[in-house]
Amino acid sequence: MRPLRIALTKGRLEKSTAELMGRAGLDCSALRDKGRKLILPVGEMEAVLAKAGDVITYLEHGVCDLGVVGKDVIMERGGQFFEILDLRFGKCGFALAAPAGTDFYQGYQIKTIATKYPKVARRFFQSKDMDVRVIKIEGSVELAPLLGLADGIVDLVETGATLRENGLEVVEPVADVSARLIVNVASMKLRKKEIEAFAERLERELG
């Protein structure tokens, strides 16, 4: 049987996950000195380095047993897997933001929202029984209100500095976001003991 395989989101989440796994007693030296390799040994496991959305793809197709991905990706992408642990790093939040000094909820016309996360935005406004027009933006969503394309945006906000620098302010928080440990459905049945033992090691370090 191959080693348990965990897909890690490249970048900050990868580094924070490696730090946590190291504290939990796994040898993460290959992750710290990885060069261009994308599959690396981590203790008795294998780590696969991937883009956030691909973590879920690899998990759903069964080529990885576990994954670490942001709750933002889970909320937007969805999928068939178990979400078993909040890793408590990569913290930020979805927020509705609009030009400073304006009343976003004023008036009866349908509002236009720019976002990289159309599903998250639609669910948020559906929960308010509001009809909105959602425009998907791939780059800097802050541009949309500045150009008159949108009345507001739904985006990830960490410090709010980018919003302030572009004349926007948070109207309302939408949801908290952090990194999560997710598990392939079949792996949870076939390798339950190994997966639970690994998750418990991480949880002990989280305190």
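So, how was this worked out
Residue positions are given per chain, counting from 1 as you read along its sequence in written order. With pLDDT at 70 or above as the cut-off, local features in this predicted model cover only qualifying residues; side-chain atom pairs require 80 or more to be listed or tallied, and sums for whole chains, interfaces and linings still use all residues. The side-chain values count all of the structure's non-hydrogen atoms but skip hydrogen atoms and water molecules. Put simply, DSSP marks the helices as runs of H or I at least four residues long and the strands as runs of E at least two long, and each gets a number from the N terminus on. Note on classification: 1.4 Å probe, protein chains only; a residue is buried when its accessible area is under 20% of the maximum for its type, exposed when over 50%, partly exposed between these limits. In what follows, residue pairs with any heavy atoms lying within 4.5 Å of each other are defined as contacts. Accessible surface area values rest on a Shrake-Rupley calculation with a 1.4 Å probe, where residue burial reflects the displayed protein chains alone. Helix span is expected to be 1.5 Å times the residue number reduced by one. Directions pointing from the helix axis toward each C-beta atom define the arc. Between rings of Phe, Tyr and Trp, where Trp is taken as its six-membered ring, a pair exists when centres lie within 6.5 Å; planes separated by under 30 degrees are stacked, by over 60 edge-to-face, and by other angles tilted. Whether two strands pair comes down to DSSP finding at least two bridges between them. To define axes, lines are fitted to C-alpha atoms, for helices over the stretch in contact only, and angles between the resulting N-to-C directions are given on a 0 to 180 degree scale.

To continue, consider the overall build of the protein. A count of helical and extended segments in the protein gives nine helices and 11 strands. Counting only C-alpha atoms, the protein reaches 60 × 30 × 30 Å along its principal axes. Out of the 207 residues belonging to the protein, those deemed buried represent 45%. In the protein, the share of contacts with a sequence separation of at least 24, taken over all contacts with a separation of at least 6, comes to 68%. Summing over all exposed atoms, the protein offers an accessible surface of approximately 11100 Å²; the carbon and sulfur share of this is 50%.

As a further point, take helix α9 (residues 192–206). Under the 1.5 Å per step criterion, the end-to-end length of α9 is 21 Å for 15 residues, consistent within 8% with the ideal 21 Å. Of all the residues in α9, the buried ones are Ile195, Phe198, Ala199, Leu202 and Leu206. Angularly, the buried residues of α9 cover 95° about the axis, an arc narrow enough to put them on a single face. In α9, the exposed positions that point more than 90 degrees away from the buried face belong to Lys193 and Arg204. Note on α9: the residue one or two positions beyond its end, glycine 207, has a positive phi of about 80°.

So, on to the packing of aromatic side chains. On inspection of all chains with the given rule, the structure shows four aromatic pairs. Taking the centre distance of 6.2 Å and the plane angle of 40° together, the rings of phenylalanine 104 and phenylalanine 125 count as tilted. In this pair, phenylalanine 104 is assigned in the loop between β6 (92–99) and β7 (111–115) and phenylalanine 125 in helix α5 (residues 118–127), connecting sequence segments 21 residues apart. Residue class for phenylalanine 125 comes out buried when judged on its relative accessible area of 0%.

Another point: the sheet that holds strand β10 (residues 168–177). Taking strand neighbours across the sheet as the criterion, the five strands line up as β8-β7-β9-β6-β10 in an open arrangement whose pairing is mixed. Each edge of the open sheet carries a strand with a single partner, namely β8 (132–136) and β10. In this sheet, neighbouring strand axes are inclined to one another by 25° on average, regardless of whether the strands run parallel or antiparallel. Bridge count between β7 and strand β9 (residues 152–157): three bridges; the pairing is parallel. If you follow alanine 114 over to β9, its bridge partner there is isoleucine 153.

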